[in-house]
Number of protein chains: 4
Amino acid sequence: MKNENSYTDCTLRVRYAETDQMGVAYHGNYLIWFEVGRSEFCRQHGFSYQEMEQTTQRFLRVAQVQCRYLAPLQYDAEFVVRTQLKALRRRIVTFGYQLIDFDSKKVYARGETIHVVTDENGRPRSFPKRFEHLLIDGRGSES
Amino acid sequence: MKNENSYTDCTLRVRYAETDQMGVAYHGNYLIWFEVGRSEFCRQHGFSYQEMEQTTQRFLRVAQVQCRYLAPLQYDAEFVVRTQLKALRRRIVTFGYQLIDFDSKKVYARGETIHVVTDENGRPRSFPKRFEHLLIDGRGSES
Amino acid sequence: MKNENSYTDCTLRVRYAETDQMGVAYHGNYLIWFEVGRSEFCRQHGFSYQEMEQTTQRFLRVAQVQCRYLAPLQYDAEFVVRTQLKALRRRIVTFGYQLIDFDSKKVYARGETIHVVTDENGRPRSFPKRFEHLLIDGRGSES
Amino acid sequence: MKNENSYTDCTLRVRYAETDQMGVAYHGNYLIWFEVGRSEFCRQHGFSYQEMEQTTQRFLRVAQVQCRYLAPLQYDAEFVVRTQLKALRRRIVTFGYQLIDFDSKKVYARGETIHVVTDENGRPRSFPKRFEHLLIDGRGSES
């Protein structure tokens, strides 16, 4: 069964390249960190997104993103990307994200990405069954 | 008077660095293009954002972004970033964006960024009067 | 005949995203600007690099880069990327770059990239004849 | 005593954002990975580069970089950044880098960065003594 509350955490550090002259992380990088979280979510659920792309020629094109920035992130700060599967329909997948401080649980940002499943030419397709199961239930579902 | 319908166009090209292995522009770069559009909007309104930061120590921190991706952008494709001031309150500024093909008027993406005016320590402040006037009326207002 | 001294200029501006907390452009971005210069060099010589990749399945993989940073570049500064073809052998192409201030001719940086011509699997190949001619002589050679 | 052969390893994964349409990691990102390696080198030697910048107002401006690309890196590939202090003179620091596969020891790239120690205005300065000791001998030197 799908556990609506399950999430995957991965830990990152702000790179110097990711700062801007305001002295904090540039806001555009948050979308990249969401992507890292998404990738880790797949890995924790038993598959690599790379493998899905290569074996099924299905892609999760980003159709919509939004992000709210609650507190700035400094260079070298360590933070957690917490990723959650929010919705999975036949051709649309929604992920939710929080960037948090692991110790204090302070939330730096919250965001969401909506993806359309497409083939290599950008045409909408169904989510490949095998990977859909993994995304929902994870590795544990096979036991 | 503020012209609600006024906008600033600037033309960009997709860089190789901005593509990903899906063969199109990576979605995160759209936020950077919005920033370029915002910067050009200021310039067309008679000031540089850099100048505002340096002379007033006021910053437009990004508080929220959203973007909808309507059609992919290929490497080397030329496109227009159309930037519009959507709202300006004492401490909050909202910009809207469209990425469009100049000839066909096809829209590649639509987005919005909401900014809080802060000082160098991140504390909310009022928008500096001189630049507020420019942002709303532009250079023409002085004539 | 190849004109050893010919070069292509294109004008860029430092983006906010390209700055870091030192308050100047992050050094890694210079390689991206070189790429933009290279792309413009091809265009000025009568072809798009995209077209070459797509019609011949030949790629210019970067084998080596170097860059010397002579003066920092500020956010919003306008500068010229001057690109030159330094050497063209059967499977290896070398480009040289200067980032300069158009008015004062001050040089911000100098660099070089060496490329190997490969097929889509990364195997070394000869440079496609048609594009080799364009790269050396440019559009003018056809007249 | 300085151990010429000492190095610091840190493990990274290629992000989707870091790939380009050639289907491998974009060459410009290697400089960012070097920076991550450098930052980890400092941390393993008992200080954070952030701390050095903030407490001494001394910066390691990049004066020169070079990189040789030996084998491409795929999306999601895990690799090691091996960072070494190659030379430390009063105002100049040189780091060397290798990107390697931890298991096979295959080398993906080799590079070098040369830094000038400056103050906040970009003027050359001496390396702060306390951090110089740490950089050379590391935390262990205090025992």
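The structure this text deals with has already been given above.
Residues numbered from 1 in each chain as written. Chains lettered and ligands numbered in written order. Predicted model: local features only at pLDDT ≥ 70, side-chain atom pairs only at ≥ 80, totals over all residues. Heavy atoms only, no water.

Description of the pattern of salt bridges
Note on pairing: side chains with opposite charge can pair once their charged atoms come close. Under the counting rule described, the total for this entry stands at 43 salt bridges over all chains. Salt-bridge contacts for Asp76 of chain A lead to Arg13 of chain A; the nearest nitrogen and oxygen are separated by 3.9 Å. With a gap of 63 residues between them, Asp76 of chain A in the loop between β2 (59–69) and β3 (78–88) and Arg13 of chain A in strand β1 (residues 8–13) connect regions that are remote in the sequence. In this structure Arg13 of chain A comes out as partly exposed when scored by relative accessible area, which is 29%. Asp119 of chain C is paired through a salt bridge with Arg125 of chain C; the nearest N and O atoms lie 3.0 Å apart. Each of Arg13, Asp76 and Glu78 of chain A together with Glu40 and Arg43 of chain D takes part in a single network of salt bridges with overlapping partners. (Salt bridge = Lys/Arg side-chain N within 4 Å of Asp/Glu carboxyl O. Helix = DSSP H or I, 4+ residues; strand = E, 2+ residues; numbered from the N terminus. Buried < 20%, exposed > 50% of the residue type's maximum accessible area, 1.4 Å probe, protein only.)

Remarks on the interface of chain A and chain B
Reports of interface size often rely on the accessible area that becomes lost once the parts have come together. Taken residue by residue, the interface counts 25 residues in chain A and 25 residues in chain B. A combined buried area of about 2100 Å² lies between chain A and chain B, and 56% of that area is made up of carbon and sulfur atoms. Connecting chain A to chain B are zero salt bridges. Remark: the boundary between chain A and chain B carries 10 residue pairs in polar contact (both at pLDDT 80 or more). Mapped by element, the contributors of at least two residues to the side of chain A that touches chain B are α1 (29–44), α2 (49–56) and β2 of chain A. Broken down by element, the side of chain A that touches chain B gets its largest block of residues, 11 residues, from β2 of chain A. When its residues are assigned to classes, the side of chain A that touches chain B shows 14 nonpolar, six polar and five charged. (Contact = heavy atoms within 4.5 Å. Buried area = accessible area lost by both parts, 1.4 Å probe. Polar contact = N/O pair within 3.5 Å; in protein donor to acceptor, adjacent residues only side chain to side chain. Nonpolar A, V, L, I, M, F, W, Y, C, P; charged D, E, K, R; others polar.)

Here we look at the interface of chain C and chain D
With 25 residues of chain C at the contact, the number on the chain D side is 25 residues. Summed over both partners, the interface of chain C with chain D comes to about 2100 Å²; 56% of that surface belongs to carbon and sulfur atoms. Inspection of the region where chain C meets chain D yields 10 residue pairs in polar contact (both at pLDDT 80 or more). Contributing elements (two or more residues each) for the side of chain C that touches chain D: α1 (29–44), α2 (49–56) and β2 (59–69) of chain C. It is β2 of chain C that provides the largest number of residues to the side of chain C that touches chain D, a total of 11 residues. Each residue belonging to the side of chain C that touches chain D can be placed in one class, and the counts come to 14 nonpolar, six polar and five charged. Two strands pair when backbone bridges link them, and β2 of chain C and strand β2 (residues 59–69) of chain D are joined in this way by five bridges, in the antiparallel orientation. By the bridge assignment for β2 of chain D, Gln66 of chain C is matched with Gln66 of chain D. (Pairing = 2+ DSSP bridges.)

Observations concerning the sheet that holds strand β1 (residues 8–13) of chain D
Here 10 strands make up an open sheet; going across it, the order is β1(C)-β3(C)-β4(C)-β5(C)-β2(C)-β2(D)-β5(D)-β4(D)-β3(D)-β1(D) and the pairing antiparallel. Either end of the sheet is taken by a strand with one partner, and the two such strands are β1 (8–13) of chain C together with β1 of chain D. Sheet twist, expressed as the average angle between the axes of neighbouring strands with direction ignored, equals 25 degrees. As paired elements, β1 of chain D and strand β3 (residues 78–88) of chain D share six bridges and run antiparallel to each other. Its bridge partner being in β3 of chain D, Cys10 of chain D is matched across the sheet by Val81 of chain D. (Axes fitted to C-alpha atoms, helices over the stretch in contact; angles between N-to-C directions.)

Comments concerning the side chain of Thr118 of chain D
Along the chain, Thr118 of chain D turns up in strand β5 (residues 107–118). The exposure class of Thr118 of chain D is buried, given its relative accessible area of 3%.

Considering the relation of the copies chain C and chain D
Expressed as a screw transformation, the operator carrying chain C onto chain D has a rotation angle of 180 degrees and an axial translation of 0.0 Å, and the superposed copies differ by an RMSD of 0.0 Å. Within this description, the copies of the chain are treated as partners about a two-fold rotation axis. It is Gln66 of chain C whose C-alpha, among those of chain C, lies nearest the rotation axis, at 2.0 Å. An overlap of 100% is found between the interface residues of chain C and their copies at the interface of chain D, pointing to a shared contact surface. (Least-squares fit on C-alpha atoms with pLDDT ≥ 70 in both.)

Some details on the relation of the copies chain A and chain B
Of the two same-sequence chains, chain A is brought onto chain B (RMSD 0.0 Å, axial shift 0.0 Å) by a rotation of 180 degrees. A shared binding surface is used by both copies, with 100% of the interface residues of chain A retained as interface residues in chain B.

A look at the pairing of strand β4 (residues 92–100) of chain A
Residue and element names in this part refer to chain A. Counting buried positions along β4 gives seven out of nine residues, so the element sits mostly inside the fold. With eight bridges joining them, β3 and β4 adopt antiparallel strand pairing. Note that in β4 the partner of Leu88 across the bridge is Val93. Between the antiparallel neighbours β3 and β4 lie three residues. As paired elements, β4 and strand β5 (residues 107–118) share nine bridges and run antiparallel to each other. Counterpart to Leu99 in the pairing with β5 is Ala109. In this structure, the hairpin formed by β4 and β5 is closed by a connection of six residues, where Lys105 is found at a positive phi of approximately 65 degrees.

Description of the environment of Val80 of chain D
Looking at where Val80 of chain D falls in the secondary structure, it is placed in strand β3. For Val80 of chain D, the residues in contact, after removing those within four places along its chain, are Asp9, Cys10, Thr11, Gln98, Leu99, Ile100 and Phe102 of chain D.

Topic: the environment of Ala87 of chain D
In this fold, Ala87 of chain D is placed in strand β3. The spacing of Ala87 of chain D and Ser126 of chain D is 39 residues in sequence and 14 Å in space, taken between C-alpha atoms.

Quick word on the packing of aromatic side chains
Under the counting rule described, the total for this entry stands at 36 aromatic pairs over all chains. Measuring from ring centre to ring centre gives 4.9 Å for Tyr30 of chain C and Trp33 of chain C, while their planes differ by 40 degrees; the resulting arrangement is tilted. One end of the pair is Tyr30 of chain C and the other is Trp33 of chain C, both in helix α1 and three residues apart, which spans about a single turn. Classification of Trp33 of chain C as buried rests on a relative accessible area of 0%. Taken together, Tyr30, Trp33, Tyr69 and Phe79 of chain A form an aromatic cluster joined through their ring pairs. Over the face of the ring belonging to Phe102 of chain B we find Lys105 of chain B, whose NZ or CZ atom lies 4.2 Å from the ring centre. (Phe/Tyr/Trp six-rings, centres within 6.5 Å; stacked < 30°, edge-to-face > 60°. Lys NZ or Arg CZ within 6 Å of the ring centre and 35° of its normal.)

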